[in-house]
Amino acid sequence: MLLRSVDVLVVGAGLSGSMFARELSRLDPDMDIIMIDRLADGRFDRYHRICGEAVSDRAFKELSMEPRHVRNRIVKAREIWPGDIVIEENANGFIIDRPAFLRSIHDEIRGKVDIEQSSLRSLQRERDAIIAETSSGDIRCSNVIGADGAFSTVRKNLSSDFPRQTIPVKQFIVDQPSEEGTIEFTYGQRYAGGYSWRFPCGGMSNVGFPLGCGDLPLNVVEENARFIPIGSVDPLPVSNALLLGDAAAMVNPLSFGGIRVAMLSAQKAAQALAKGDTSEYQRWWKGCGFSNESFWNAYQVSKVWDDDRMTRFMENFRGGYGLLGLTRAMLKGGEDRMVAKAFMHSFRYGW
Ligand SMILES: Cc1cc2nc3c(=O)[nH]c(=O)nc-3n(C[C@H](O)[C@H](O)[C@H](O)COP(=O)(O)OP(=O)(O)OC[C@H]3O[C@@H](n4cnc5c(N)ncnc54)[C@H](O)[C@@H]3O)c2cc1C
């Protein structure tokens with residue numbers, strides 16, 4: 001049963017889908033856009049709370065957007081490494097109330113974009129169009145946007161590609177304050193290339209680590225789990241289907257940060273679609289800093305390092321991050337050089 005035809009179907013009303021719909025409806029108000037999400041109300045909010053909710057100031061600046069629904073201001077990042085190496089750096093960012101942020105975007109675009117609770121089941125290509133079978137009927141669309149997260153149905157239906165790794169992560173809200181303004185990361189062999197984090201979350205703390213790699217914190221008031229996909233796929237599987245954010249596994253394999261790139265990919269995809277040249281989006285992704293292969297290479301190397309090996313590498317930075325430490329690590333060659341290269345790109349592109 002064919003219910004309706006639209007120009008663009010956005011699957012997923014999270015950060016990437018919502019920012020895409022916002023940008024496209026601004027660039028081309030005549031486009032007929034439907035955005036669907038399988039979750040609504042409390043279940044939608046709960047899903048989107050499973051996050052550290054840390055976003056850099058740079059992410060908002062890139063989008064020419066004021067930060068909204070800020071729970072905490074971030075001014076410092078502390079990294080705790082094996083060998084008693086502690087690095088403190090200035091950081092400029094925010095802990096946002098992500099469900100409230102998303103609701104504010106939905107309120108802003110409602111009227112220009114149809115937002116519905118519905119689940120995508122499958123997609124079929126038909127000449128220039130795509131037929132989407134959803135839980136509320138079939139939709140014929142000229143373009144489909146896969147903003148449906150780590151296990152994207154859009155990707156599974158239209159691409160033979162899949163993320164190189166999908167990491168299950170535990171997250172807890174803990175009734176205990178964190179140091180105000182500070183995001184803290186602890187590294188070590190037990191985290192297998194990842195880390196444990198402790199971020200402020202209003203007056204409480206947001207704590208997490210890869211599943212099976214950390215200890216249950218005290219004073220837990222909420223316990224969750226979600227997946228982080230890394231090792232990106234081609235974000236343009238066919239010329240009228242674009243994958244954004246986690247659906248394209250754009251998360252940085254070294255930092256596990258995905259919010260900035262989810263929002264930025266949405267903006268770039270909307271701009272390319274509005275211009276009628278979706279390949280521009282694919283070119284952006286291939287050429288941009290976020291897809292730099294050094295991040296994946298560094299993750300592959302460091303995930304099997306033991307604490308002693310990590311200490312030897314991080315000795316280069318005991319006094320703090322800087323050109324001297326980077327040069328020392330690069331000159332050692334081999335694995336040190338591979339990881340140092342990723343650090344260098346990380347400093348350049350930010351978080
Ligand atoms: C525990 C954890 C902590 C994190 N912390 C941070 C952090 O502090 N900073 C940071 O930068 N990144 C962080 N990330 C990564 C970040 O959360 C993701 O990269 C980001 O959420 C990607 O946004 P997205 O919109 O692409 O996908 P998602 O946020 O996954 O949104 C996908 C949406 O699609 C909907 N959907 C899925 N399937 C369907 C379907 N078939 N039909 C209709 N709708 C569907 C879902 O309900 C959901 O609303 C964290 C990730 C995890 C797991």
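Look up a bit, the structure's there.
Scope of this entry: the structure provided in the associated data block. Sequence order as written defines the numbering, with residues in each chain counted from 1. With pLDDT at 70 or above as the cut-off, local features in this predicted model cover only qualifying residues; side-chain atom pairs require 80 or more to be listed or tallied, and sums for whole chains, interfaces and linings still use all residues. For side-chain calculations, the full set of non-hydrogen atoms in the structure is used, while hydrogens and water are omitted.

### Description of the site of the ligand
Thought 1: The nearness test applies per residue and asks whether one of its heavy atoms lies within 4 Å of the molecule or strand. Residues in contact with the ligand amount to 38 residues; listed here are only the nearest, D37, Y47, R98, R226 and D246.
Thought 2: In protein, a polar contact requires one atom able to donate a hydrogen and another able to accept it; more generally it is a pair of N or O atoms within 3.5 Å, and residues adjacent in sequence count only if both atoms are side-chain atoms. At 3.2 Å from an oxygen atom of the ligand is found a main-chain nitrogen or oxygen belonging to L15.
Thought 3: For the area figures, the Shrake-Rupley method with a 1.4 Å probe applies, and any residue is considered shielded solely by the protein chains shown. Burial of the ligand by the protein amounts to 95% of the accessible area it has alone, namely 1000 Å².
Thought 4: Going along the chain from the N terminus, every DSSP run of H or I of four or more residues is numbered as a helix, and every run of E of two or more is numbered as a strand. The set of elements that each furnish at least two residues to the shell around the ligand consists of helix 1 (15–27), helix 2 (41–49), strand 12 (196–201), strand 14 (220–230) and helix 6 (259–275).
Thought 5: In terms of residue class, the shell around the ligand is made up of 19 nonpolar, twelve polar and seven charged. Classification convention: Asp, Glu, Lys, Arg as charged; Ala, Val, Leu, Ile, Met, Phe, Trp, Tyr, Cys, Pro as nonpolar; all other residues, Gly among them, as polar.

### Side note on the packing of aromatic side chains
Thought 1: For Phe, Tyr and Trp, where Trp contributes only its six-membered ring, two rings pair if their centres lie within 6.5 Å, and the inter-plane angle classes them as stacked under 30 degrees, edge-to-face over 60, or tilted in between. Applying the stated criterion to the full structure yields 22 aromatic pairs.
Thought 2: Taken together through their ring pairs, the aromatic side chains of W81, F185, Y187, Y195, W197, F199, F256, W296 and Y299 make up a single cluster.
Thought 3: Note on criteria: charge over ring means Lys NZ or Arg CZ within 6 Å of the ring centre, with the direction from the centre no more than 35 degrees off the ring normal. The side chain of R164 reaches across the aromatic face of W296, ending 4.5 Å from its centre.
Thought 4: Positioned over the ring face of W305 is R309, at 4.4 Å from the centre of the ring.

### Quick word on the nonpolar core
Thought 1: Residues grouped as a nonpolar core are buried Ala, Val, Leu, Ile, Met, Phe, Trp, Tyr and Cys residues, joined through side-chain atoms within 4.5 Å. Per-residue accessibility, obtained with a 1.4 Å probe over protein chains only, is compared with the maximum for each type, and a residue is labelled buried under 20%, exposed over 50%, and partly exposed between these values. One finds V8, L9, F20, V144 and M263 to be the most contacted residues of the largest nonpolar core, which totals 66 residues.
Thought 2: The greatest single-element share of this core, amounting to nine residues, is contributed by helix 6.
Thought 3: Aside from chain neighbours lying at most four places away, what touches L9 is I34, I36, A132, I139, C141, N143, V144 and I145. Note on contacts: a residue pair is in contact if any heavy atoms of the two residues lie within 4.5 Å.

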